[in-house]
Structure formats: structure tokens, C-alpha cells
Amino acid sequence: MMKKRNLLVSMVMTLTACLTLWTPEAATAVASSSGSGIASYGPDYLIKDDGTLWVWGETKSVPTQVHGLSDVQASFPLWNGALVTTKDGSVWRWTSNARTMAIEVTPVPELKELTNFQSRYPRHLAVTGEGTVYTSVTSTNDNTTPPFAPVPGLDHVAAISQYYESNKLNNKVSDWQRYLFLKTDGTVWTSIDELATSKQIPNLKDVIQLERVMRCARMAVSGPGRSRIVIYRKPIVTRP
């Protein structure tokens, strides 16, 4: 009976995450309200109330504790593992050893107080508490990921998002990755040249949130779903 109940709780939490657009914050809210002993969770991990991290998927058929980590606050998916933040603001990375399949934990000293993270192989983007944007690009040759480095010209960033764009001209199709950066002053900046340059988007101000909306039902039926970027602005108040 207990196993059936745990399975039902797991299914409900998974469906809820899909319908409510999974984010670490949303997952924490749902998990806390369930009284399950789970502080937060994602598609392939959960954080218990005691601060331990448990992961599954790939070579791990059952939830497996990531030893060497304590007081875990959040987990952000990364190729072959994840970035993890702890209560003291430090950032760690766990990966699975390709030969032994053992979980290995290493510190990421260049990042502190990680607040936002986006990963679309091979590029990874991170935002720290002071609003600095860091990036790292995984090598497509040996899948090694170098240390994160700050992106010049971007500061006071509160949130990031990204998506692909394409254009057909003279029967030639071009595509590129567009990056969006929401700054603390409510402006939105963008880059389409792999972060070589960035510029402010005209006529966008007082923006409070960038939201990536995934169509979970489409993902479940036909693979990766489409997505769109929803931008929220502060309400305009008119005075008599």
C-alpha cells in the first residue's frame, strides 16, 4: 500500500510540474505543500528536507544519493550531471564517470550565489547573485567543459532565456541562437552572435519576467515540444 501511495504521489508531482512549467521555485512550492519530506524536485532528481540530493536516469535505474553534497538548495541540469547550489552559496558540479559510472563531485569556484542557469548544448549560461553572466562551452570533441568565464558587457542581469530563430532568404535557410537578458532596471538585452555583442531591445521597459513556455503534452506525444518566450511587463497605472 505504501509503495502504491508513493508511486501515486510521484505521478501527481510529475504531472503538476509539467502543467505548471517546471522551475526550481515552482517545484519547491509543490513539494513543500505535499508534506512528503521532499524539499524540491525535477524530472531526474529530488532534494530531501535534510539537504541530500538524489538522482536517477541514464545508468541509474533507481534514485541514488549524490554523496559529498549537503545542504543542497537547488539543482540545474547539465550534460552528464548537474550544477548544484548549497546553503552557503557555493556551486558544485556532479558528473557520472564514463568508465566506472561512479558519481564524482567537484567545486565550481568561479560561480557564487547562482540565481539563474540555462544550458543548451554545447553552451551553458549562469547568472550569479551580483547580476554577472558567466558562460562555458562544452567541447564537442571530448565533451570536456572548461571553467565558466564572465561575459563582457553584461551586468545587473536578473534572468536569462534563449531560443532558436531561422530565416529563409533566396532559398537559403539561416538559423541562429537568440539570447535574452532581463536586467534589474527592467530592460531586455539580446545577442544573436554567440555573445560577441549584445544590444538593448527598443521599446521594451519595465519588464519583470522572462518565461519559457513548454508544451508538455506535445513533448510527451512527439518528442521535443515547441516553445515560446513570454515577456511580462509591469502594469501601467494611469492617474486621474
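A brief structural summary. (Residues numbered from 1 in each chain as written. Predicted model: local features only at pLDDT ≥ 70, side-chain atom pairs only at ≥ 80, totals over all residues. Heavy atoms only, no water.)

### A short note on the overall build of the protein
So, point 1. In terms of regular secondary structure, the protein is built from three helices and 18 strands.
So, point 2. Per-residue burial for the protein yields a buried fraction of 36% across its 240 residues.
So, point 3. Residue pairs at least 24 apart in sequence account for 31% of intrachain contacts in the protein once pairs closer than 6 positions are excluded. (Helix = DSSP H or I, 4+ residues; strand = E, 2+ residues; numbered from the N terminus. Buried < 20%, exposed > 50% of the residue type's maximum accessible area, 1.4 Å probe, protein only. Contact = heavy atoms within 4.5 Å.)

### Observations concerning the nonpolar core
So, point 1. The biggest cluster of nonpolar side chains holds 12 residues, and these are Ala74, Phe76, Leu78, Leu83, Val91, Val108, Leu111, Leu114, Phe117, Ala126, Tyr134 and Phe148.
So, point 2. Taken together, the elements giving at least two residues each to this core come down to β5 (72–78), β8 (103–112) and β9 (114–120).
So, point 3. Broken down by element, the residue count for this core peaks at three residues, all from β5.
So, point 4. Ala126 has contacts with Leu111, Leu114, Asn116, Phe117, Thr132, Val133, Tyr134, Phe148 and Ile160, leaving out every residue within four places of it along the chain. (Core = buried A, V, L, I, M, F, W, Y, C linked by side-chain atoms within 4.5 Å.)

### Quick word on the environment of Tyr41
So, point 1. If you trace the backbone, Tyr41 turns up in strand β1 (residues 38–42).
So, point 2. For the pair formed by Tyr41 and Ala74, sequence separation is 33 residues and the distance between their alpha carbons is 8.8 Å.

### Observations concerning a negative patch on the surface
So, point 1. A grouping of Asp71, Asp88, Glu113 and Glu130 is seen on the molecular surface, where their side chains present a negatively charged patch.
So, point 2. Note that Glu130 resides in the loop between β10 (123–128) and β11 (133–137). (Patch = residues over 30% accessible without salt bridge, like charges linked within 9 Å, V, L, I, M, F, W, Y side chains within 5 Å. Areas by Shrake-Rupley, 256 points an atom, 1.4 Å probe, with all protein chains shown as cover. Salt bridge = Lys/Arg side-chain N within 4 Å of Asp/Glu carboxyl O. Lys, Arg positive; Asp, Glu negative; His and termini not counted. Charge placed at Lys NZ, Arg CZ, Asp CG, Glu CD.)

### Here's the deal with the pairing of β5
So, point 1. In terms of burial, β5 is largely enclosed, as five of its seven residues are buried.
So, point 2. In terms of strand pairing, β5 meets strand β6 (residues 81–86) through six bridges, oriented antiparallel. Looking at β6, one finds that Leu78 is bridged to Gly81.
So, point 3. Adjacent in sequence and paired antiparallel, β5 and β6 are bridged by two residues, among which Asn80 carries a positive phi angle near 60°. (Pairing = 2+ DSSP bridges.)

### A look at the side chain of Gln177
So, point 1. Summarising the element assignment, Gln177 is placed in strand β14 (residues 172–183).
So, point 2. A polar contact of 2.5 Å, which involves the side chain of Gln177, links it to the side chain of Gln162.
So, point 3. Not counting residues within four places of it along the chain, the set of residues in contact with Gln177 comprises Arg120, Gln162, Tyr163, Tyr164, Ser191, Ile192 and Glu194. (Polar contact = N/O pair within 3.5 Å; in protein donor to acceptor, adjacent residues only side chain to side chain.)

Note that every value here comes from positions in space, so none of it alone points to a role or purpose.
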